Amino acid sequence: MSVLSSDRRIPVTLLTGFLGAGKTTLLNHLLSQPDMANAAVLINEFGSVAVDHHLVTKIDEDLILLDSGCICCTVRGDLTRSLTELFMKSLQRKIVPINRVVIETTGLADPAPVIFTLMEDFFIAERFRIDGVVTVVDATHAAGQLAQHPEAVKQVAMADRLLLSKCDLADGPAIEAISQTLRRINPGAPQIFVRRGEVALASLTGCGLYDPGSKTPDVAGWLAEEKVREERRKAHGHHHHHHDVDRHDAEVYSFALTFDQPLQWVSFVDAVSMLLQGMGDRILRIKGLLNVIGDDKPRVIQCVQHTNYPYTRLDEWPAEAPYNDRKSRLVFIVRGLDQLLIEKAFAMFCGVLDGERREALVAEGRMP
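Let me sum up the structure you'll find in this document. Just so you know, these numbers come straight off a predicted model, no measurement behind them.

If you tally the helices and strands in the protein chain, you get 11 helices and 13 strands. Evaluated residue by residue, the protein chain yields a buried proportion of 54% over its 368 residues. Across the protein chain, the fraction of contacts at a sequence separation of at least 24, relative to all contacts at a separation of at least 6, is 76%. For the protein chain, the exposed area adds up to about 16,500 Å²; of that, 52% sits on carbon and sulfur atoms.

As structure tokens, this is what we get:
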């Protein structure tokens, strides 16, 4: 009997990848497969307004949103707590016994602290095992992301498998070029080419126990650095620090716009097109649910840099706050871009203001 076949711990897959890589699309495809019926899903989002978990088809007690910050910062405590609660509820038969956990990280997450927690936290490591770090790489945008964002490089370097997404949207030479770049960063990780988010479950599972020694030397170094940070936290008697859930660093931050009145679709598309054309290099991600005139279902908007992907619809508006008020909400993740410029575009094209901005202007007597 192999070591893994006798290991009764619950396998955990860490699904990572930079902003807009297509993790949620891929996750939806996987969750539609019968073998994932008893899988628990933990989703981490960057920013104070969560969207992605509404786009996942598996909405039940086994889907947990980690929304108090980036998973590599304040959410680490939430991760440990959530896994502990999942294990106890499953053990007590309060939920259907789980046979797998998938953790989808925010696109800005550093995988090292998460991997360290899964490997070194005593309670977690006794009950869960890492069954692979799977990184989704956007074949259409990865070259620029890897050049500009160290998080994207670490996500690739620490992976057991690399899923090259959106290969249906990229040409052969571009795919080959990014494939060669990935081989330089992580020569040992198999590359799986994905089209339309469709991938076999075997691509996500069965990676074996996570082995930092099989990666480049940097990986072991990053985990060692995390161990030093953890020892310092313990020595100082605290495990958390103040962290702005809307800010990643000095340049990259998130904000949300809320529009009280339904939007005219053509005007909205014009506003977004203008923003992406003029500022797409600084717009890392746009995602949101929209209330559009003449449509009783929420429209899903998703953009990555200069690309506006075809919109989709949810079957119904989410029942929980804040989306139960059926207001349009857009979440932006930007680099070095003033929020006011974005707001002015929607005011000019759509004649709408963010709800908080409108309230402030009314309070100042500048609007009726």
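This part is about the side chain of Gln 155. Looking at the element boundaries, Gln 155 is found in helix H6 (residues 150-157). Taking the relative accessible area as the measure of exposure, Gln 155 reaches 1% and is therefore buried. Here the side chain of Gln 155 touches Gly 107 through a polar contact of 3.0 Å, landing on its backbone oxygen. Not counting residues up to four positions away in its chain, the partners in contact with Gln 155 are Thr 16, Gly 17, Phe 18, Thr 106, Gly 107, Leu 108, Ala 109, Pro 111 and Thr 135.

Another point: the pairing of strand E10 (residues 299-304). Most of E10 sits inside the fold, with five of its six residues counted as buried. For strand E9 (residues 283-290) and E10, the ladder comprises five bridges, and the chain directions are antiparallel. In the strand pairing of E10, Ile 286 is matched with Cys 303. By the bridge criterion, two bridges tie E10 to strand E12 (residues 312-313) in an arrangement that is antiparallel. Within E12, the position partnered with Arg 299 by the bridge is Arg 313.

It helps to recall that an α-helix has 3.6 residues per turn; residues three or four apart then point in one direction. In this model, helix H7 (residues 172-185) (14 residues) spans 20 Å end to end at C-alpha, consistent with the 20 Å of a helix rising 1.5 Å per residue. Listing the buried residues of H7 in full gives Ile 175, Ile 178, Ser 179, Leu 182 and Ile 185. The arc that holds every buried residue of H7, seen down its axis, measures 115°, which confines them to one face. Projecting away from the buried face of H7 at angles above 90 degrees are the exposed residues Pro 173 and Arg 184. Where the residues of H7 are buried, they touch strand E5 (128-138), helix H5 (142-148), H6, strand E6 (161-165) and strand E7 (191-193). Where H7 begins, the capping side chain belongs to Asp 171, and its oxygen is found 2.9 Å from the backbone nitrogen of Ala 174.

Turning to H6, a few remarks are in order. Judged by how many residues are buried, H6 sits mostly within the fold: six of eight residues are covered. Every buried residue of H6 is accounted for by Glu 151, Ala 152, Lys 154, Gln 155, Val 156 and Ala 157.

A few words now on the packing of aromatic side chains. Per the stated rule, a full pass over the model turns up nine aromatic pairs. Ring geometry for Phe 259 against Phe 346: centres 5.4 Å apart, planes inclined by 55°, an arrangement best described as tilted. Of this pair, Phe 259 sits in strand E8 (residues 252-259) while Phe 346 sits in helix H10 (residues 339-350), and the two are 87 residues apart along the sequence. Under the relative-accessibility criterion, Phe 346 is labelled buried at 0%. Relative to Phe 268, the ring of Trp 265 has its centre 5.8 Å away and its plane inclined at 25°; by these criteria the two rings are stacked. Taken together, the residues span about one helical turn, with Trp 265 and Phe 268 both in helix H9 (residues 265-279) at a distance of three residues. Judged by relative accessible area, Phe 268 falls into the buried class, the value being 1%. Site record: aromatic cluster; members linked through ring pairs are Tyr 253, Phe 255, Phe 259, Trp 265, Phe 268, Tyr 311, Phe 332 and Phe 346.

As a further point, take the pairing of strand E1 (residues 10-17). Among the eight residues in E1, eight count as buried, and that is most of the element. Neither face of E1 is left uncovered, since the one carrying Ile 10, Val 12, Leu 14 and Thr 16 and the one carrying Pro 11, Thr 13, Leu 15 and Gly 17 both have all their residues buried. As judged from the four bridges shared by E1 and strand E4 (residues 100-104), these two strands associate in the parallel manner. Bridging across to E4, Leu 14 finds its partner in Ile 103.

What counts, and where the lines are drawn
- Residues numbered from 1 in each chain as written.
- Predicted model: local features only at pLDDT ≥ 70, side-chain atom pairs only at ≥ 80, totals over all residues.
- Heavy atoms only, no water.
- Helix = DSSP H or I, 4+ residues; strand = E, 2+ residues; numbered from the N terminus.
- Buried < 20%, exposed > 50% of the residue type's maximum accessible area, 1.4 Å probe, protein only.
- Contact = heavy atoms within 4.5 Å.
- Areas by Shrake-Rupley, 256 points an atom, 1.4 Å probe, with all protein chains shown as cover.
- Polar contact = N/O pair within 3.5 Å; in protein donor to acceptor, adjacent residues only side chain to side chain.
- Pairing = 2+ DSSP bridges.
- Expected span 1.5 Å × (residues − 1).
- Arc of directions from axis to C-beta.
- Phe/Tyr/Trp six-rings, centres within 6.5 Å; stacked < 30°, edge-to-face > 60°.

Remember, this is a structural readout, not a statement about activity or role.
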